[in-house]
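Descriptive analysis of the structure
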Amino acid sequence: MIGRALRHPSFVVGLLITLLVIGTGLLSLFWTPYDPGVMRIMNRLRPPSELNWLGTDQFGRDVFSMLMVGARNALLVGIVAVGIGVTIGVTLGMIAAHGEGSLLDEAIMRACDFTFAFPAVLTAILILTFLGPGVVNAIIAIGIFNIPVFARVARGAALQVMARDFIRAARAAGRTGFSIILRHILPNIAGLIIVQASVQFALAILAEAGLSYLGIGTQPPNPSWGRMLNDAQTFLAQAPLLAIFPGLAIAFSVLGFNLLGDGLRDLLDPKTKER
Amino acid sequence: MLRVENLRITLRGTPIIRNLSFSLDRGEALGVVGESGSGKSMTALAIMGLLPGLMRAEGKVIFEGENLLDLDDDAMCLYRGRRIGMIFQEPMTALNPVHQVGDQIAETLVLHGLMDRVAALREATRLLDRVGIEDASRRVSSYPHELSGGQRQRVMIAMAMSCKPSLLIADEPTSALDVTVQSEILDLLRDLRLQEGMATLFISHDLAVIARIARRTLVLYGGAAMETGDTGVLLKSPRHPYTKGLLAALPHGHSRGTRLSPIPGFVPAAKHLAPGCPFHGRCPRGDETCADFPPPPSFEATTAWCFHPERGS
Amino acid sequence: MTASNPLLLEALNLSRFYRLPRRGLFGARPVLKAVDNVSLTLRDGETLGIVGESGSGKSTLARMLMALEQPDRGEVSWMGENISRLSPLALRSRRHEIQMVFQDPYGSLDPRMRVLDSVAEPLDVARPDLSAELRRDAVLEILERVGLTAEALRRYPHQFSGGQRQRIAIARALITRPRILVADEPVSALDVSIQAQILNLLSDLRAEFGLALIFISHDLGIVRYLADRVMVMHHGKVVEEGESEAVFSAPAHDYTRALLAAMPKLDE
């Protein structure tokens, strides 16, 4: 399994990028070249140099340090938002699958459809205008949109597993609803959920960047890739690199998580398993 | 008409088919019987030039004077569907679910440039009628899912015989069907062979089905020929221990309360088979020689590739 | 021999209907009578064969006998108790008496569970108090009985051949020492040489455990070989029923005759 994984190009590339982003985020907890919050107006809008690897912004803050802390921020949003989606979504999906065709199932799935009918970012903006801007509220908004995604995936996969004989065999053995889900269904759909989670993770990072860009996500002075982009807009003519670096950071990590998801999908698919 | 000589198929160096030779005359039916892993389906795919990419075929497959293994894919297309028809176990996977069955039959005819679309559709109706589909003129515009399993298999047969091939390869064509439907399909295949003169290579795991359709039988195990001969003789007095074991394992004719005589063990993976006789290890008569050397054919009432064949009666 | 034995399983006028999708916008939904008014009895130590083609309702019937599916009409009794009157808890506590072996040895074992846990599952439900050691011993004992070794315990289903998996499935069904075993096409997916091994195993175990067996198959030869009594099903109905030898040597119903005639034989 591990040998096969290491020969899978998109998995390997995705894993490396993901590890790099996670490593950077973790490192920022202990060390950054400069304190990303400290402004040195004298040093504003410096191009990349030995002192400031990626230059400085309009307040003289070190861009590299800000990107590092921004990575931590993006990861935090991703983890919590996807975590909300997985726990609530999978639970709802299981409840729906268990009572397939029942009123409860209908209610859950229609609620999911309802959420899907709205453009995610637009509704996130709506939610944030109600709850007020801020990173915690952004996480909640993004998390809410992850719930129906996981509910659907989990329900569909669970129904497929439930149609198989070993579920019937478990019932014949005397197991009932909850313990069948715990013992048989969850382990068999875990792979699919993990794949979906890595894709949703990429989307969550993108959404956080988008909301922060609009100024309703992560609030200053906490650095965020999206807000860095927004700030850089004003100085696009003078210092175009200011926009390019956070843009690359976003693109790079989204790509990484997507590749990881692709790779995992291939690796966890029982159909491609070695015979 | 079809002569397979020393066919060897390997997958990354592991032999899947070992030195297989057999022949088939015009209008004849040959039954190929074997369990899973015997290589019976691979043999069919090798003849059609449809082996999975990782497999290598050596030897000769001579069909109407041409070695098919030498042909590239473009040249092979002139044979596939045109001169050699094929039907599979599960017609649902071989039929395109989004096209009407008449169109699918006609497509083969148009593809091989035999007739134009209008004529081909008319021919499709005639073929459906020929394979025993009732109300054929209405059924041409049915979709595969609207048909029963037996009807789908009839459509497959109509498709396979549309270009009047001289060879039909049938890979377990009735294994997914109920016995009553199976019986009808077997009758149909026999009629078509007799009336259209199509030679038939009939692949099955079921000796009783083979007994019904083929005059000659070839028994495969682990990619090698075990025994071949007249079907009646082979079933009545098998000479190879494997054929004998296979027959003894059937419950047919055993009275209640008596024990069956299974072949011990299970079919090992291809890479674990002995270089000599693949049946070595499960064979009650095998010895060291069998493990290391491929057994030579022993010609008597049947031909058995065995160092210790039974005496024919 | 069996007429006086205690009645283990009884089904009375069982019916199960499926609603099909409606044809057209306003048409009524057609109803498929999967099982139509079927009654049966199974006595201690007896083997009942159920024969039928696909769509005959034999698998639906098996699931209703196992209380895996609710009948629309009729009732099922295990050891004289009407199971539809039992509470879910009471039903669960009686499941160890009646177990099942499925057709597809690839689908009936959870691919993510070790053989030890798969085989132990019915025991876990019946005896949750069992120590890990006793549980393992019980699994090992039954695995050895079906011809597998301790080596199998820690392995996963995909590491076994079809025949071995069916042995594992049988071990699992027998670990609670049931009195009734329902086998739904247990050898249809297996190679001929392996079929005979599993059939021998089943008849040995039947004798050893004193099992009453319901053996469902489309293969008349196998049913004739194994069953004392046989029931022929067609389109959800029982068309013929009787002592196995009598039904096969002198079939009374047209459908049974057609089936026997269609069965390919070796001496044709």
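Placed above this text is the structure.
Starting afresh in each chain, residues are numbered from 1 along the sequence in its written order. The naming scheme follows written order: chains are lettered A onward, ligands numbered 1 onward. Owing to the predicted nature of the model, reporting of local features is limited to residues with pLDDT of at least 70; listing and counting of side-chain atom pairs is limited to 80 or more, with chain, interface and lining totals taken over all residues. In computing side-chain values, all of the structure's heavy atoms are included and hydrogens and water are not.

Our next topic: the interface of chain C and chain A. Contacts are assigned to residue pairs with any non-hydrogen atoms lying within 4.5 Å of each other. Between chain C and chain A, the residue contacts involve 25 residues of the former and 18 residues of the latter. Buried area between chain C and chain A, summed over both chains or domains, comes out near 1,900 Å², and the portion from carbon and sulfur atoms is 51%. Accessible surface is computed with a 1.4 Å probe, and the buried area is the amount of it that two parts give up when combined, taken over both parts together. Of all residues in chain C, Leu68(C), Phe102(C) and Arg112(C) bury the most surface against chain A, accounting for 28% of the area lost on that side. A carboxyl oxygen of Asp or Glu within 4 Å of a side-chain nitrogen of Lys or Arg is what we treat as a salt bridge. For the interface between chain C and chain A, the tally reads 2 salt bridges. Polar contacts, as used here, are pairs of N or O atoms within 3.5 Å; protein pairs need one atom able to donate a hydrogen and one able to accept it. Residues neighboring in sequence count only if both atoms are side-chain atoms. Our count for the chain C to chain A interface comes out at 11 residue pairs in polar contact (both at pLDDT 80 or more). The helix and strand labels rest on DSSP assignments: H or I over at least four residues marks a helix, E over at least two residues marks a strand, and numbering proceeds from the N terminus. Of all elements in the fold, only strand S6 (98-101) and helix H3 (115-126) of chain C reach the threshold of two or more residues within the side of chain C that touches chain A. Of the residues forming the side of chain C that touches chain A, the biggest block, 5 residues, is contributed by H3(C). Partitioned by chemical class, the residues of the side of chain C that touches chain A number 11 nonpolar, 4 polar and 10 charged. Amino acid classes used here: Ala, Val, Leu, Ile, Met, Phe, Trp, Tyr, Cys and Pro are nonpolar; Asp, Glu, Lys and Arg are charged; the rest, including Gly, are polar.

Moving on to the pairing of strand S4 (residues 55-63) of chain B. All names here are of chain B. Only when DSSP finds a minimum of two bridges between them are two strands counted as paired. Pairing of strand S1 (residues 2-11) with S4 involves 8 bridges; the strand directions are antiparallel. Within S4, the residue paired with Thr10 across the bridge is Arg56. Examined bridge by bridge, S4 and strand S5 (residues 66-67) share 2 bridges and lie antiparallel to one another. Bridge pairing in S5 places Phe63 opposite Glu66. Counting the residues in the hairpin turn of S4 and S5 gives 2 residues, including Glu64, whose phi is positive at 45°.

Attention now moves to the side chain of Thr200(B). With respect to the helices and strands, the residue Thr200(B) is situated in strand S8 (residues 199-204). What Thr200(B) contacts, discounting residues up to four positions off in sequence, is Leu24(B), Glu28(B), Ala29(B), Leu30(B), Leu167(B), Leu168(B) and Arg193(B).

Residues and elements named next belong to chain B. Read across the sheet, 4 strands follow the order S2-S1-S4-S5 without closing on themselves; strand pairing throughout is antiparallel. Each of the sheet's edge strands pairs with one partner strand only, and the pair in question is strand S2 (14-24) and S5. Note that S1 and S2 share 7 bridges and pair antiparallel. Paired with Ile9 across the bridge in S2 is Ile17.

What follows deals with the pattern of salt bridges. If you walk through the whole model with that rule in mind, you get 44 salt bridges over all chains. Residue Asp57(A) is joined to Arg61(A) by a salt bridge in which the shortest nitrogen-to-oxygen separation is 3.0 Å. Note on exposure labels: buried denotes an accessible area under 20% of the residue type's maximum, exposed denotes more than 50%, and partly exposed covers the range between, all computed with a 1.4 Å probe on protein chains only. Under the relative-accessibility criterion, Arg61(A) is labelled buried at 6%. For the salt bridge of Glu121(C) with Arg172(C), the shortest nitrogen-to-oxygen distance reads 2.9 Å. Of this pair, Glu121(C) sits in helix H3 while Arg172(C) sits in helix H5 (residues 162-174), and the two are 51 residues apart along the sequence. Judged by relative accessible area, Glu121(C) falls into the buried class, the value being 0%. Here the residues in one salt-bridge network are Arg175(A), Asp117(C), Glu121(C), Asp124(C), Arg135(C) and Arg172(C), joined through shared partners.

Another aspect to go through is the packing of helix H7 (residues 165-172) of chain A against helix H8 (residues 177-213) of chain A. All names here are of chain A. Axis definition: a line fit to C-alpha positions, over the contact stretch in the case of helices; interaxial angles, taken between N-to-C directions, run 0 to 180 degrees. As a packed pair, H7 and H8 sit with axes 11 Å apart at the nearest point and diverge in direction by 165°. Considering their axes alone, H7 and H8 lie roughly antiparallel with respect to each other. By crossing handedness, the relation of H7 to H8 is classed as right-handed. For the pair H7 and H8, contact is made by Phe166, Ile167, Ala170 and Arg171 and by Ile180, His184, Ile185 and Asn188, respectively. Residues of the contact of H7 with H8, tallied by class, amount to 5 nonpolar, 2 polar and 1 charged. Angular relationships are summarised with four words: roughly parallel below 35 degrees, roughly antiparallel beyond 145, roughly perpendicular across 65 to 115, and oblique for the angles in between. Helix crossings fall into two classes, left-handed where the near helix is turned counterclockwise from the far one by less than a right angle and right-handed where it is turned clockwise.

So, about the nonpolar core. Residues belong to one nonpolar core when they are buried, are Ala, Val, Leu, Ile, Met, Phe, Trp, Tyr or Cys, and are joined through side-chain atoms within 4.5 Å. Leu128(B), Ile157(B), Val119(C), Leu143(C), Ile170(C) and Phe215(C) are the most contacted members of the largest nonpolar core, which has 110 residues in total. The greatest single-element share of this core, amounting to 9 residues, is contributed by helix H6 (residues 192-209) of chain C. Two domains each donate at least three residues to this core, and these are domain 1 (93-162) and domain 2 (240-305) of chain B. If we skip the residues at most four places from it in the chain, Val119(C) touches Val139(C), Ile142(C), Leu143(C), Ile168(C), Ala171(C), Arg172(C) and Ile175(C). Residues Val82(A), Ala141(A), Ala170(A) and Ile193(A) belong to the second largest nonpolar core, which totals 59 residues. An automatic or database domain assignment is the source of the domain bounds shown.

Bringing the sheet that holds strand S10 (residues 224-230) of chain B into the picture now. All names here are of chain B. Read from one edge to the other, the open sheet built from 8 strands follows the order S6-S7-S8-S3-S9-S10-S12-S11, with strand pairing classed as mixed. Bordering the open sheet on either side are strand S6 (84-87) and strand S11 (297-299), each of which pairs with just one other strand. Strand-to-strand, the axes of this sheet are offset by a mean angle of 15°, without reference to chain direction. Pairing analysis gives 2 bridges linking S10 to strand S12 (residues 303-305), with the strands arranged antiparallel. Counterpart to Thr228 in the pairing with S12 is Thr303.

This part is about the packing of aromatic side chains. Only centres within 6.5 Å qualify two rings of Phe, Tyr or Trp (six-membered ring in Trp) as a pair; their planes then separate them into stacked at under 30 degrees, edge-to-face at over 60, and tilted for everything else. Scanning the model with the defined rule gives 6 aromatic pairs over all chains in all. Considering the side-chain rings of Phe201(A) and Phe257(A), the 4.4 Å spacing of their centres and the 25° angle between planes classify their relative orientation as stacked. Taken together, the positions of Phe201(A) in helix H8 and Phe257(A) in helix H10 (residues 241-268) put the pair 56 residues apart, joining distant regions of the chain. Of the two residues, Phe201(A) and Phe257(A), neither departs from the other in class, the shared state being buried. Relative to Phe279(B), the ring of Tyr221(B) has its centre 5.2 Å away and its plane inclined at 80°; by these criteria the two rings are edge-to-face. Of the two residues, Tyr221(B) is situated in strand S9 (residues 216-221) and Phe279(B) in the loop between helix H11 (241-248) and helix H12 (288-292); the sequence distance between them amounts to 58 residues. The buried category is assigned to Phe279(B), whose relative accessible area is 1%. An aromatic cluster is built from Tyr221(B), Tyr242(B) and Phe279(B), whose rings are joined through pairwise contacts. Residue placement shows Arg155(C) over the ring face of Phe160(C); its charged tip is 4.8 Å from the ring centre. The rule for a charge over a ring is simple: NZ of Lys or CZ of Arg within 6 Å of the ring centre, and within 35 degrees of the ring normal.

Once that is clear, we can look at the interface of chain B and chain C. In many analyses, interface size is given as the accessible surface area lost on bringing the parts together. Listed by partner, the interface residues are 33 residues for chain B and 31 residues for chain C. Roughly 2,800 Å² of surface becomes buried between chain B and chain C when both sides are summed, with 57% attributable to carbon and sulfur atoms. Counting every contact that joins chain B to chain C gives 1 salt bridge. Linking chain B with chain C are 11 residue pairs in polar contact (both at pLDDT 80 or more). Mapped by element, the contributors of at least two residues to the side of chain B that touches chain C are helix H8 (179-196), helix H9 (207-213) and H11 of chain B. By residue number, the principal contributor to the side of chain B that touches chain C is H9(B), which donates 5 residues. Of the residues that constitute the side of chain B that touches chain C, the class distribution is 16 nonpolar, 11 polar and 6 charged.

This part is about helix H1 (residues 58-65) of chain C. Three or four residues apart is the spacing at which side chains of an α-helix point the same way, because the helix has 3.6 residues per turn. Residue and element names in this part refer to chain C. For H1, the tally of buried residues reaches 7 of 8 residues, placing the bulk of the element in the interior. Taken as a whole, H1 has its buried residues at Lys58, Thr60, Leu61, Ala62, Arg63, Met64 and Leu65. Trailing H1 by a residue or two, Ala67 shows a phi angle of about 60°, which is positive.

Residue and element names in this part refer to chain B. One non-glycine residue, Arg12, lies in the positive phi region at around 50°. Inspection of the secondary structure assignment puts Arg12 in the loop between S1 and S2. Overall, Arg12 belongs to the exposed group, its relative accessible area being 69%. Non-glycine residue Asp135 carries a positive phi angle of around 60°. Relative to the elements of secondary structure, Asp135 occurs in the loop between helix H5 (117-130) and helix H6 (136-139). Its relative accessible area of 40% is what places Asp135 among the partly exposed residues.

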